[in-house]
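# Results of the structural survey
Spelled out from the first residue to the last, the chains are:
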Amino acid sequence: MIKQKCIECGKEYNVDEIVYNCECGGLLEIVYDLENLEVSRETFKNREFGVWRYKEFLPVKDENKIISLKEGNTPLYRCKNLEEIFGVKELYVKHEGANPTGSFKDRGMTVGVSLANTLNIKSVGCASTGNTSASLAAYSAKAGMNCIVLLPEGKVALGKLAQAMFYGAKVLEVMGNFDYALEMVRELANKKYVYLLNSVNPFRLEGQKTIGFEIAEQLNWDVPDRVIVPVGNAGNISAIWKGFKEFYKTGLIDSLPKMTGIQAEGANPIVRAFKKGKEDIEPYPNPETVATAIRIGNPVNAKKALRAIYESKGYAEDVSDEEILNAQKLLARKEGIFVEPASASSIAGLKKLLEEGIIDKDEKIVCITTGHGLKDPDAAIRACEKPIKVKNIDDILKIISN
Ligand SMILES: *Cc1c(COP(=O)(O)O)cnc(C)c1O
Ligand SMILES: [Zn+2]
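Keep in mind the model is a prediction, meaning the values are calculated, not measured. (Residues numbered from 1 in each chain as written. Chains lettered and ligands numbered in written order. Predicted model: local features only at pLDDT ≥ 70, side-chain atom pairs only at ≥ 80, totals over all residues. Heavy atoms only, no water.)

Of all six residues that make up strand β13 (residues 364-369), six are buried, and the element is covered over most of its length. Side chains of β13 alternate between two faces, with Lys364, Val366 and Ile368 and Ile365, Cys367 and Thr369 buried alike. Pairing between strand β5 (residues 90-95) and β13: six bridges, direction parallel. By the bridge assignment, His95 is partnered in β13 with Thr369. As paired strands, strand β10 (residues 226-230) and β13 are joined by three bridges and run parallel to one another. Considered in β13, the bridge of Arg226 is made with Ile365. (Buried < 20%, exposed > 50% of the residue type's maximum accessible area, 1.4 Å probe, protein only. Helix = DSSP H or I, 4+ residues; strand = E, 2+ residues; numbered from the N terminus. Pairing = 2+ DSSP bridges.)

Here is the structure:
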């Protein structure tokens, strides 16, 4: 039996119960009867790639209810040029920007919206720094559901805003930051106006854990020593860890990676908690960073993320906006991978932790890049020199012969 289970008191809820937190206030997670799950590496072999390839580990069993845009199956790039620059032995980038709406949120939404579909939900909602709204708008459109998204005023990257609007969501700009927008949509959900699809919804994380599954399979079942993840609301790092643990418990893999979370200096409550050895965060007021996708001061999944980091003997570090923007450029110009600023924090974090001696040069490392570079064209253009205006062939020859 699949259940929703409180990570604090252990109370269980059925899958068809609409609860976002336990009555004790704790976060919920989805649990399976893994001991009785009969799977082997052969189980997946002849199936289509993507999130639903791993259906034994997912909570929606009625295939007719599944809303999918063929998410997942993102490339895992070996990055030889960065290996040489950083002096590290084996480095891969798992590029989640290659998902249908350009971020890993699609993995979560295919499961969350499909689950909502089994419950005959008609209206869904979320607060979002941008990508969650873009993704939910797309999946709810396909499912024929109404969609309301609450965005923090003036801080949403242009590409994401365009997506949410164009897929037909009702887009509201909240006068305040992400944390405030989340409070408001939670209230709407508690009053049952919408089904909430932020990552406090544990079904979202079930889709996102397939990042871990795919890494294992793409590396021929040879688990990396470390996975480095940009951290905002802290759902994704928790989800990826859950994925690896479930593959481990069912005997599909025989080791586990160190989960390493990276935040921006201006929005680093998890890093602060980690460095003090704490189990929970203190909210960080007025978060600020160029990496708008992780501009979050009060991450809802903080406890799950900190557990993942401690359990896996991982680490948490923060990086400056300058380090983020440098890493973003390096990844594009040395490996041909264009990601949004938040996504480059994993690369910036890798560089910093190598310099600090926390990460060993012999490790086999996977950095997750969470979203596509075209999501935030303003940030990209700001980081580059302006195109040079030319009138004729002489102008052009003058410039290229310099
Ligand atoms: C949502 C998002 C994050 C943060 O993920 P969390 O699960 O909230 O920690 C990081 N990068 C991008 C591009 C995102 O869209
Ligand atoms: Zn509880």
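Still more to cover.
Our focus in this paragraph is helix α11 (residues 321-335). Taking 1.5 Å as the rise per residue, α11 with 15 residues should run 21 Å; its terminal C-alpha atoms sit 21 Å apart, in good agreement. Among all positions of α11, only Ile324, Ala327, Gln328, Leu331 and Glu335 are buried. Taken down its axis, α11 places every buried residue within 105° of arc, on the same side. Pointing more than 90 degrees away from the buried face of α11 are the exposed residues Glu322 and Arg333. Trailing α11 by a residue or two, Gly336 shows a phi angle of about 75°, which is positive. (Expected span 1.5 Å × (residues − 1). Arc of directions from axis to C-beta.)

So, about the pattern of salt bridges. All told, the structure shown has 27 salt bridges when counted by the stated rule. Residues Glu288 and Lys155 are paired through a salt bridge, measuring 3.5 Å at the closest nitrogen-oxygen approach. Placement of the pair is Glu288 in the loop between α9 (269-275) and α10 (302-311) and Lys155 in the loop between β7 (146-152) and α4 (158-166), with a sequence separation of 133 residues. One salt bridge in this structure joins Glu363 and Arg226, with 2.7 Å as the shortest N-O distance. Here Glu363 is found in the loop between α12 (341-355) and β13, whereas its partner Arg226 is found in strand β10, with 137 residues between them in sequence. (Salt bridge = Lys/Arg side-chain N within 4 Å of Asp/Glu carboxyl O.)

Quick look at the nonpolar core now. One recurring pattern in soluble globular proteins: nonpolar side chains tend to sit buried together. If you look at the biggest cluster of nonpolar residues, it comprises 117 residues, and the most contacted ones within it are Leu91, Val113, Tyr195, Phe247, Ile270 and Leu350. When residues of this core are assigned to their parent elements, the largest contribution, seven residues, is made by α12. Setting aside chain neighbours within four positions, we find Tyr195 in contact with Ile18, Tyr20, Gly112, Leu115, Ala116, Leu119, Ile121, Ser123, Val124, Gly125, Asn201 and Phe203. (Core = buried A, V, L, I, M, F, W, Y, C linked by side-chain atoms within 4.5 Å. Contact = heavy atoms within 4.5 Å.)

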